[in-house]
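# An overview of the molecular structure
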Amino acid sequence: MNEIIVTDDNFKEEILQADKLVLVDFWAPWCGPCKMIGPAVSQLAQKYADTLKVAKVNVDEAESLANMFNVNSIPTLMLFKDGEVVDQRMGAASLSVIEGFVKQHL
């Protein structure tokens, strides 16, 4: 598994101080659409391992992070570059749509 589990404790180090583009998947175990995009997110983590860091934030366990970034609907995918949110999308999507979303910023 190439995805990093992000919590309040490691968010700054793993996301804000990352030296490459970071895709953050805000999700929850009970969320059907989150389960649908999970395999696509995992595939991207493997395919772009050299240029993309992939992180997962369980909104039930890291509610403060979800609140900090106004995540009101899941799944929400956010792209961070140099510690800043550069793009985001909400809802389920196919692998090709998610890959296109990421590739715009690589």
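Please read these numbers as outputs of a predicted model, since none were measured by experiment. (Residues numbered from 1 in each chain as written. Predicted model: local features only at pLDDT ≥ 70, side-chain atom pairs only at ≥ 80, totals over all residues. Heavy atoms only, no water.)

### Brief notes about the packing of helix H2 (residues 32–47) against helix H4 (residues 95–103)
Where H2 contacts H4, the axes come no closer than 9 Å and their chain directions differ by 45 degrees. Viewed along their axes, H2 and H4 adopt a mutual orientation that is oblique. Handedness of the crossing formed by H2 with H4: right-handed. Together, Ile37, Ala40, Gln43, Leu44 and Lys47 of H2 and Leu95, Ile98, Glu99 and Val102 of H4 make up the contact between the two elements. Classifying every residue of the contact of H2 with H4 by side-chain character gives 6 nonpolar, 1 polar and 2 charged. (Axes fitted to C-alpha atoms, helices over the stretch in contact; angles between N-to-C directions. Helix = DSSP H or I, 4+ residues; strand = E, 2+ residues; numbered from the N terminus. Parallel < 35°, antiparallel > 145°, perpendicular 65-115°, else oblique. Left-handed = near helix turned anticlockwise from the far one by under 90°. Contact = heavy atoms within 4.5 Å. Nonpolar A, V, L, I, M, F, W, Y, C, P; charged D, E, K, R; others polar.)

### Let's talk about the state of the cysteines
Inspection of every chain in the model, using the stated rule, returns 1 disulfide. Cysteine 31 shares a disulfide with cysteine 34; S-S distance 2.3 Å. On the sign convention where negative is left-handed, the bridge of cysteine 31 and cysteine 34, at about 80 degrees about the S-S bond, is right-handed. (Disulfide = S-S within 2.5 Å.)

### Some words on H2
The terminal C-alpha atoms of H2, which comprises 16 residues, lie 24 Å apart, in line with the 22 Å expected from a rise of 1.5 Å per residue. Along H2, the largest kink reaches about 35 degrees and is centred on glycine 38; proline proline 39 follows within four residues of it. The elements touched by buried residues of H2 are strand E2 (21–27), strand E3 (52–58), strand E4 (76–81) and H4. (Expected span 1.5 Å × (residues − 1). Bend = angle between axes of the 7 residues up to and from the residue.)

### A few points about the UniProt feature "site: Deprotonates C-terminal active site Cys" (unreviewed entry) in the protein
Mapped onto this numbering, the UniProt entry annotates "site: Deprotonates C-terminal active site Cys" (unreviewed entry) at Asp25. Structurally, aspartate 25 can be placed in strand E2. Given a relative accessible area of 0%, aspartate 25 falls into the buried group. Each residue touching aspartate 25, except ones within four places of it in the same chain, is listed here: Ile37, Val41, Ala55, Lys56, Val57, Pro75, Thr76 and Leu77. Here lysine 56 takes part through its side chain, which lies 2.7 Å from a polar atom of the side chain of aspartate 25. (UniProt positions renumbered as here; feature names shortened; annotations may be inferred. Buried < 20%, exposed > 50% of the residue type's maximum accessible area, 1.4 Å probe, protein only. Polar contact = N/O pair within 3.5 Å; in protein donor to acceptor, adjacent residues only side chain to side chain.)

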